[in-house]
Amino acid sequence: MRLSYQLIIIFSLSLFVSLQVYAKDKWIIDKNLSTIKFELPVLLLDNAEGKFVDFDGLIEIDLQNYKNNKAIFSVTLDSVEMNYKEYKNLLLGSTFLDIKNFPIALLDTKKFTFNTDKKIDLEVELTIKGITKLVPLTLEVYILADELIQIQGHFFFSRTIFQIGMNKWSSTAVLRDKIKIKTNLFLFKE
């Protein structure tokens, strides 16, 4: 009888501890306020710039302990709006993004820890066209209210590594190699 009582206590404590470990807050993206923009330098012309209108994500942030945070974002690539509108079909076609075969890009932070500093530097997995690579990501977290946070971030990635621009468009002489992604996300606690 003593053994079963000890097992009940151990089970209860382990359940309590495990619930505390997973006591993270889930946050929902406000898509009306949030933006995901890109910029690609072009030789002798204005940079190619635009934004993605359709994106989603799962965000879990522990503002108590700052541990085991995670975020996964998806971007629907054909939701792009850009300054060179006449090239949108080329961008979405097989030469560049190939949305017929790869309609979504993903960014996965995996689990990360941060402290009370606003700035966070991470290595995240970026998947475009079925190719996954680690890229450095810098985030700044602003707690605007108890149930509202803002996360601003940016990262660069190589378009040639992700095979964005094939054949005559693979050269970096006209379209530079580094694409900049800039995010400004507003999140509400679920």
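Residues numbered from 1 in each chain as written. Predicted model: local features only at pLDDT ≥ 70, side-chain atom pairs only at ≥ 80, totals over all residues. Heavy atoms only, no water.

K.L.:
How would you sum up the overall build of the chain? Please name residues and give values.
P.N.:
Scanning the chain from terminus to terminus reveals two helices and 11 strands. In the chain, the succession of α and β elements from N to C terminus is α-β-β-β-β-β-β-α-β-β-β-β-β. In the chain, which comprises 190 residues, the share counted as buried stands at 38%. In the chain, of all internal contacts separated by at least 6 residues, the share reaching a separation of at least 24 is 60%. (Helix = DSSP H or I, 4+ residues; strand = E, 2+ residues; numbered from the N terminus. Buried < 20%, exposed > 50% of the residue type's maximum accessible area, 1.4 Å probe, protein only. Contact = heavy atoms within 4.5 Å.)

K.L.:
I'd like a rundown of the pattern of salt bridges, residues and numbers included.
P.N.:
Applying the stated criterion to the full structure yields six salt bridges. The partner of Lys70 in a salt bridge is Glu60, and the shortest N-O contact between them spans 4.0 Å. Residue Lys70 is found in strand S5 (residues 70–76), and its partner Glu60 is found in strand S4 (residues 55–61); the two are separated by 10 residues along the sequence. Classification of Lys70 as partly exposed rests on a relative accessible area of 27%. Its relative accessible area of 11% is what places Glu60 among the buried residues. (Salt bridge = Lys/Arg side-chain N within 4 Å of Asp/Glu carboxyl O.)

K.L.:
Please provide a residue-by-residue account of the nonpolar core, values included.
P.N.:
If you look at the biggest cluster of nonpolar residues, it comprises 49 residues, and the most contacted ones within it are Ile59, Ile61, Leu126, Ile128, Phe155 and Phe157. The residues contacting Ile59, other than those within four sequence positions of it, are Asp25, Lys26, Trp27, Ile29, Lys70, Ala71, Phe73 and Leu187. (Core = buried A, V, L, I, M, F, W, Y, C linked by side-chain atoms within 4.5 Å.)

K.L.:
Can you explain the packing of aromatic side chains? Please cite residues and give values.
P.N.:
Under the defined criterion, the tally for this structure stands at five aromatic pairs. With a centroid separation of 5.4 Å and 85° between ring planes, the pair formed by Phe157 and Phe162 is classed as edge-to-face. For Phe157, a relative accessible area of 6% puts it in the buried group. Chaining the aromatic ring pairs together yields one cluster made of Phe155, Phe157 and Phe162. (Phe/Tyr/Trp six-rings, centres within 6.5 Å; stacked < 30°, edge-to-face > 60°.)

K.L.:
Describe the environment of Lys133, and please don't skip the residues or the numbers.
P.N.:
Take Lys133: it is sitting in strand S9 (residues 131–145). Residues Lys133 and Ser158, 25 residues apart in the sequence, show an inter-C-alpha distance of 10.0 Å. Setting aside residues up to four positions removed in sequence, Lys133 forms contacts with Val124, Glu125, Leu126, Ile161 and Phe162.

K.L.:
Please set out the environment of Phe73 residue by residue, giving values where relevant.
P.N.:
Tracing the backbone shows Phe73 in strand S5. For the pair Phe73 and Asp56, spaced 17 residues apart in the sequence, the C-alpha separation amounts to 5.7 Å. In contact with Phe73, other than residues within four places in its own chain, are Ile29, Asp56, Gly57, Ile59, Ala105, Leu106, Leu107 and Leu185.

K.L.:
Which residues make up the side chain of Gln150, and what values go with them?
P.N.:
As for its placement among the helices and strands, Gln150 is situated in strand S10 (residues 148–158). We classify Gln150 as buried; its relative accessible area is 11%. Side chain to side chain, Gln150 and Asn184 meet in a polar contact 2.7 Å long. Beyond its immediate chain neighbours, meaning those up to four positions away, Gln150 contacts Glu140, Val141, Tyr142, Leu144, Asn184, Leu185 and Phe186. (Polar contact = N/O pair within 3.5 Å; in protein donor to acceptor, adjacent residues only side chain to side chain.)

Limitation: the analysis is restricted to geometry and does not speak to function.
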